[in-house]
Amino acid sequence: MIIKISQTASNIKQSYDIESENFYYSGDAGSISRLQSITLSNKENTIKGVYNISKWVNYIPLRYLFGEANLTRVFHLYKNDKIYGSIVFSKHGFLKSFYVIALDSGEIFHCYSLSRGSFNYVSIYQGDTQIALVETHLSVNDYKYTHKLYLLDDYKQFADTLSFFVVYYASYNFAQRMHMSSGSVSEKSWSFSKYADKYDPKWRETHFPDENFFGKTSLINKSYGDI
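Residues numbered from 1 in each chain as written. Predicted model: local features only at pLDDT ≥ 70, side-chain atom pairs only at ≥ 80, totals over all residues. Heavy atoms only, no water.

Draft legend 1. Representation of the environment of Phe 174 within the structure. Along the chain, Phe 174 turns up in the loop between α1 (159-173) and β14 (184-185). Each C-alpha atom of the pair Phe 174 and Leu 138 lies 9.2 Å from the other, and the pair is 36 residues apart in sequence. (Helix = DSSP H or I, 4+ residues; strand = E, 2+ residues; numbered from the N terminus.)

Draft legend 2. Layout of unusual backbone geometry. With a phi close to 55°, Arg 73 is a non-glycine residue in the positive phi region. The residue Arg 73 is located in strand β6 (residues 70-79) in this model. For Arg 73, a relative accessible area of 24% puts it in the partly exposed group. (Buried < 20%, exposed > 50% of the residue type's maximum accessible area, 1.4 Å probe, protein only.)

Draft legend 3. Representation of a nonpolar patch on the surface within the structure. On the surface, a cluster of nonpolar side chains totalling about 380 Å² of accessible area is made up of Leu 62, Leu 65 and Phe 66. Position of Leu 65 among the secondary structure elements: in the loop between β5 (46-51) and β6. (Patch = residues over 30% accessible without salt bridge, like charges linked within 9 Å, V, L, I, M, F, W, Y side chains within 5 Å. Areas by Shrake-Rupley, 256 points an atom, 1.4 Å probe, with all protein chains shown as cover. Salt bridge = Lys/Arg side-chain N within 4 Å of Asp/Glu carboxyl O.)

Draft legend 4. Representation of α1. Its 15 residues place the ends of α1 21 Å apart at the C-alpha level, agreeing with the 21 Å of an ideal helix rising 1.5 Å per residue. Counting buried positions along α1 yields 14 of 15 residues, so the element is predominantly enclosed. (Expected span 1.5 Å × (residues − 1).)

Draft legend 5. Seen up close, the side chain of Ser 54. Mapped onto the secondary structure, Ser 54 falls in the loop between β5 and β6. Residue classification places Ser 54 among the buried positions, given a relative accessible area of 12%. At 2.7 Å, the side chain of Ser 54 forms a polar contact with the backbone oxygen of Leu 71. Not counting residues up to four positions away in its chain, the partners in contact with Ser 54 are Tyr 59, Leu 71, Thr 72 and Val 74. (Polar contact = N/O pair within 3.5 Å; in protein donor to acceptor, adjacent residues only side chain to side chain. Contact = heavy atoms within 4.5 Å.)

Draft legend 6. Quick peek at the pattern of salt bridges. All told, the structure shown has three salt bridges when counted by the stated rule. With a shortest N-O distance of 2.8 Å, Asp 160 and Lys 79 are connected by a salt bridge. In this pair, Asp 160 is assigned in helix α1 and Lys 79 in strand β6, connecting sequence segments 81 residues apart. For Asp 160, a relative accessible area of 9% gives the class buried. Residue Glu 135 is joined to Arg 204 by a salt bridge in which the shortest nitrogen-to-oxygen separation is 2.8 Å. On the criterion of sequence distance, the pair formed by Glu 135 in strand β11 (residues 129-137) and Arg 204 in helix α2 (residues 203-207) is long-range, its members being 69 residues apart. Taking the relative accessible area as the measure of exposure, Arg 204 reaches 19% and is therefore buried.

Geometry only, nothing functional implied.
Here you go:
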């Protein structure tokens, strides 16, 4: 399953279209602050994330030296007004951090971020199994980023939750609020992490061999193979 998350408004609004075959949500990440509620909605469901301030001890620098993780960026998740999980950012060592999605039904996902050149990647795991990959192209028009979520079909029941995570992640890492800029920006970025091995550069090719970020590879090869 491939889900495209396209930012449709930046600056005073942070709006998104989330779509795949037989799957659609509109998203709103709040206009003023990344601490505002995030909402995904369609005709059947509304998923809402509400910020919850962490205890003050989670903001102590280098707390991991004493064996404690700093748990911040906490959002409680609601589906149709019923709470069903949470997302938290866990920093627990030097260059050691990941996001945790914990559902009340018992599922736990760890999300590892890494930037390599023109793309940012988030590898999503359940236990030792990678179930999804998020790709974000760092070249952008008017700060409207595009993200792609590649999700194994065996886990498609979590598509709405993981799509919400992408908007949450984008709100913290890419959204530009109240900016006065327009035009195209091309960036390259390299990040360092002790979890860099969680990113498998062959995962998408293995599980989605006919796809890449820009579309079907067969069409791209046909269109540009003679250049």
